[in-house]
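Spelled out, the chains give:
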Amino acid sequence: MLIAAALLAGFAVAGTGLVAWTQYQTADRIAENQRQTLLDRLNQILPAAAYDNELVDDTLALDAPILGGQPPQTVYRARRRGQPVAAIFTVVAPNGYSGPIRLLVGVYRSGELAGVRVVGHAETPGLGDAVESEKSDWIHGFQGKRLGDPPAQAWKVRKDGGAFDQFTGATITPRAVVAAVKRTLEYHAAHREAIYAAPAERAPDPRPELANPANERGGADVR
């Protein structure tokens, strides 16, 4: 019995050591893969040619309830030759049909939308999941919009008298996204100078939830 126990203990120690060694050997590769996945997502909104800084590293941590979710909310800041170009916000629309919808919302310094992408949701397949860029072109309709275009009262889906299409059989999902994007534009307009002027922070490892597929369920204080 003692010999068997010793053998089992030996196998356990060896197995633990092997797992730890494998994790150590692959940690940098995993982190780099996550970083690249995040950068690819950000570049869907803002092409790499539009900036020359390290977008993933030039971040700001916000405590901004208007952006939804739990703080801190991360904003990625794009610059070219040291001048601010755009900010990409991590945003949550809390009132989707099946729960929160996580977004990336890119806004040029001028206030024009660079683009919007959904990075996580639990909406109904075949209905609400049309917010994904892979499922329809609906999300691309935000590009180029700004506060005032359309007018404030038109930042709604057409069923509510607004300018944005809804989906057949699914109004709640696009309604939640439109409202979240409008709130992001309002926050950007109110805090523009603070967003771009704050010192750059070294970002932690890319947030895992932003590296997951869109349909997977998922510092500085600027108020």
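Just so it is clear, the model here is predicted, and its values are computed rather than measured.

This next bit is on the overall build of the protein chain. Counting its secondary structure elements, the protein chain contains 3 helices and 5 strands. Residue burial in the protein chain is summarised as follows: out of 223 residues, 42% are buried. Only carbon and sulfur atoms are counted for the fraction: they give 56% of the accessible area of the protein chain, which is about 11700 Å².

Turning our eyes to something else, we now look at helix α2 (residues 172-197). Between its first and last C-alpha, α2 extends 36 Å over 26 residues, near the 38 Å set by a 1.5 Å rise per residue. Along its length, α2 reaches its greatest deviation from straightness, about 80°, at His191.

Moving on, we get to the pattern of salt bridges. Tallied over the full model, the rule gives 11 salt bridges. Note that Arg35 and Glu54 form a salt bridge whose closest N and O atoms lie 3.3 Å from each other. Highlighted residues: Arg35 in helix α1 (residues 2-45) and Glu54 in the loop between α1 and β1 (59-62), separated in sequence by 19 residues. The exposed category is assigned to Glu54, whose relative accessible area is 52%. In this structure, Arg79 and Asp58 form a salt bridge, with 2.6 Å as the shortest nitrogen-oxygen distance. With a gap of 21 residues between them, Arg79 in strand β2 (residues 73-80) and Asp58 in the loop between α1 and β1 connect regions that are remote in the sequence. The pair Arg79 / Asp58 is uniform in exposure class, with both members buried. Sharing partners across several salt bridges, the network here consists of Arg35, Glu54 and Asp57.

One open sheet accounts for 5 strands, arranged β1-β2-β3-β4-β5; its pairing is antiparallel. On the outer flanks of this sheet lie β1 and β5 (113-120), each paired with one strand and no other. Taken pair by pair, the neighbouring strands of this sheet meet at an average axis angle of 25°, ignoring direction. Pairing of strand β4 (residues 99-108) with β5 involves 6 bridges; the strand directions are antiparallel. Considered in β5, the bridge of Gly106 is made with Gly115. Its contacts with the sheet place α2 against β1, β2, β3 (83-96), β4 and β5, and it is angled at close to 145° to β3.

Moving on, we get to unusual backbone geometry. Residue Pro71 is joined to Pro72 through a cis peptide bond whose omega torsion reads 5°. As for its placement among the helices and strands, Pro72 is situated in the loop between β1 and β2. A cis amide bond, omega 5°, links Asp149 with the succeeding residue Pro150. Inspection of the secondary structure puts Pro150 in the loop between β5 and α2. The phi angle at Arg81 is positive, at roughly 55°, despite the residue not being glycine. Take Arg81: it is sitting in the loop between β2 and β3.

The next point concerns the environment of Ala114. Mapped onto the elements, Ala114 comes out in strand β5. Accessibility expressed as a relative area gives 4% for Ala114, which makes it buried. As a C-alpha pair, Ala114 and Phe142 span 28 residues in sequence and 8.1 Å in three-dimensional space. The residues contacting Ala114, other than those within four sequence positions of it, are Ile45, Leu46, Gly106, Val107, Tyr108 and Gln143.

With that out of the way, let us pick up the confidence of the model for the protein chain. In this model, the protein chain carries a mean pLDDT of 85, and residues with pLDDT of at least 70 account for 82%. Low confidence marks residues 200-206, where pLDDT is under 50. Its contacts with residues over four positions away, or in another chain, come to 18 contacts. Note that residues 213-223 has pLDDT below 50 and, in this model, 35 contacts with residues that lie over four places away or in other chains.

Attention now moves to the packing of aromatic side chains. Scanning all chains against the criterion turns up 5 aromatic pairs. One aromatic cluster in this structure is built from Trp138, Phe142, Trp155, Phe164 and Phe167.

What follows covers the nonpolar core. Among the nonpolar cores identified, the biggest contains 35 residues, and Phe89, Leu103, Leu113, Phe142 and Val177 are the most heavily contacted of them. Of all elements in the fold, only β1, β3, β4, β5 and α2 reach the threshold of two or more residues within this core. Counting residues per element, this core draws most heavily on α2, at 9 residues. Apart from the residues within four sequence positions on either side, Phe89 is in contact with Leu62, Leu67, Thr74, Val75, Leu103, Leu104, Val105, Val107, Thr184, Tyr187, His188 and Ile195. With 15 residues, the next largest nonpolar core counts Leu38, Val56, Ala86 and Ala114 among its residues.

The rules we used
- Residues numbered from 1 in each chain as written.
- Predicted model: local features only at pLDDT ≥ 70, side-chain atom pairs only at ≥ 80, totals over all residues.
- Heavy atoms only, no water.
- Helix = DSSP H or I, 4+ residues; strand = E, 2+ residues; numbered from the N terminus.
- Buried < 20%, exposed > 50% of the residue type's maximum accessible area, 1.4 Å probe, protein only.
- Areas by Shrake-Rupley, 256 points an atom, 1.4 Å probe, with all protein chains shown as cover.
- Expected span 1.5 Å × (residues − 1).
- Bend = angle between axes of the 7 residues up to and from the residue.
- Salt bridge = Lys/Arg side-chain N within 4 Å of Asp/Glu carboxyl O.
- Pairing = 2+ DSSP bridges.
- Axes fitted to C-alpha atoms, helices over the stretch in contact; angles between N-to-C directions.
- Contact = heavy atoms within 4.5 Å.
- pLDDT = per-residue confidence, 0-100.
- Phe/Tyr/Trp six-rings, centres within 6.5 Å; stacked < 30°, edge-to-face > 60°.
- Core = buried A, V, L, I, M, F, W, Y, C linked by side-chain atoms within 4.5 Å.

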